[in-house]
Amino acid sequence: MSRVVLIVLDSVGVGALPDAHLYGDEGANTLGHTVLVTGLRLPNLEDLGLGAISGSFLPHSIHAQGISARLKEKSPGKDTTTGHWEMAGVRLDRPFPTFPEGFPPHFITAFEEGIGLRTLGNYAASGTAIIQTLGEEHMRSGNPIVYTSADSVFQIAAHEEVIPLEKQYQICQTAREMLTGDLAVGRVIARPFVGSPDKGFARTGNRRDFSLSPPVDTILDKLKCAGHDVIGVGKIEDIFAQRGLTQSNHAAGNEKCIEAAIEYLSNSFDGLLFVNLVDFDMLHGHRRDPEAYAKALKEFDEALPRFKGKLGEDDLLIITADHGCDPTFKGTDHTREHAPLLAWRPGLSGHTHLGDLDTFADIAATISDFFGLKERFGAHSFLRELEELA
């Protein structure tokens, strides 16, 4: 029985990609700027080689063990779905569409007819701000709030006491089925909230993402087909449209996702445990709060020994990110950045830094190699380099 634990630190990028200027993100560096602004230290991640990665602005530990690198994203874009799909072996040749001026009137009209309700909003906005602006009108009218951002998303916000959760999810599913062709955004997102006009409104942990289905098989599909377990924690099941998974725990927030992952690791399985830790992005990056971002990184760093302690000699730990969301940067949106790569397994005797690698898909290639599958997804497996440290 062998296990790979793949942990995605959602949005913890480590320096602008060479084409970041095309996205208005030249100079972004989520991890590096958080470290510079807060003085953050991450001793357990440093012992996996994080300080060897250019732009981390962390010291290179002499005790480091494992493989470290920076990953380039070959797919265009800077959203969650694109990043996760590429690390699972799917590279896109064009970005998902965005609608910074709002969605076309003809679509909104058809959508309203499809759900039997009018809509409010339909413009690019901060999710926490738009519910304060339109929350009272939403409660009075019963009409859902729709909005977008610089990312490829169609977001639907509704009060949980006005539109029950299951109805909200049904509305999102309707939008997902309608958003096709040139309107095929990467994600439709349910953004439930609670509160009142006099006390203000707050989003809840009942968010759900409705992604497109990957156009070809991912490493998840390949592992499942080969008879391995594929377990998703957090929003993994949403990102991959339920595909390729044998089990899933839709835990909300870093703390619950960490606990769910540790629980899975306390039991026997053979295959992949794929974990997304969303709070870095959702709670701290988009809100441009470097102090809170640093605190969340420190909390994960402190939890890391628990993960390592659950791994046996036949297991592999991989830590990465899907994009950036620099909390010190202009605006409130994702940033086009490299992803860090750390790989470790028990019994290693040293550290190797691989520099900059060409694609996030190297992760899928390595996982496939680890389980003896032939697929390499047009990428490079770094398993041999890791085995040389054993």
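Our subject is the structure that appears above.
Remember, predicted model here, so these are calculated numbers, not experimental data.

**Things to note about the packing of aromatic side chains**
The description of an aromatic ring pair uses the distance of the two centres, along with the angle that the planes make with each other.
Logical step 1: The tally for this structure, following the rule as stated, stands at 13 aromatic pairs.
Logical step 2: Pairing Phe-107 with Phe-111 gives two aromatic rings, centres 5.9 Å apart and planes at 10°, and the pair type is stacked. Of the two residues, Phe-107 and Phe-111 are both situated in helix α4 (residues 105-115); the distance of 4 residues between them amounts to about one turn of the helix.
Logical step 3: For Phe-111, a relative accessible area of 0% puts it in the buried group.
Logical step 4: One residue, Arg-3, lies across the ring of Phe-269, its end atom 5.2 Å from the ring centre.
Logical step 5: Positioned above the aromatic ring of Trp-344, the side-chain terminus of Lys-308 is 4.6 Å from the ring centre.

**Topic: the pairing of strand β12 (residues 315-320)**
Logical step 1: For β12, a buried count of 6 out of 6 residues is recorded, marking the element as mostly surrounded by other parts of the structure.
Logical step 2: Burial of the side chains of β12 extends over both faces: Asp-315, Leu-317 and Ile-319 are buried on one face and Leu-316, Ile-318 and Thr-320 on the other.
Logical step 3: Two strands pair when backbone bridges link them, and strand β1 (residues 3-9) and β12 are joined in this way by 6 bridges, in the parallel orientation. Each residue of the ladder has a partner; that of Val-8, found in β12, is Thr-320.
Logical step 4: Where β12 meets strand β13 (residues 339-344), 3 bridges bridge the pair, whose relative direction is antiparallel. From the neighbouring strand, Leu-317 faces β13, where its bridge partner is Trp-344.

**Section: helix α1 (residues 30-38)**
Logical step 1: Three or more residues of α1 are buried, namely Thr-30, Leu-31, Gly-32, Thr-34 and Val-35.
Logical step 2: Structurally, α1 contributes buried residues whose contacts are with α11 (290-309).

What counts and what doesn't
- Residues numbered from 1 in each chain as written.
- Predicted model: local features only at pLDDT ≥ 70, side-chain atom pairs only at ≥ 80, totals over all residues.
- Heavy atoms only, no water.
- Phe/Tyr/Trp six-rings, centres within 6.5 Å; stacked < 30°, edge-to-face > 60°.
- Helix = DSSP H or I, 4+ residues; strand = E, 2+ residues; numbered from the N terminus.
- Buried < 20%, exposed > 50% of the residue type's maximum accessible area, 1.4 Å probe, protein only.
- Lys NZ or Arg CZ within 6 Å of the ring centre and 35° of its normal.
- Pairing = 2+ DSSP bridges.
- Contact = heavy atoms within 4.5 Å.

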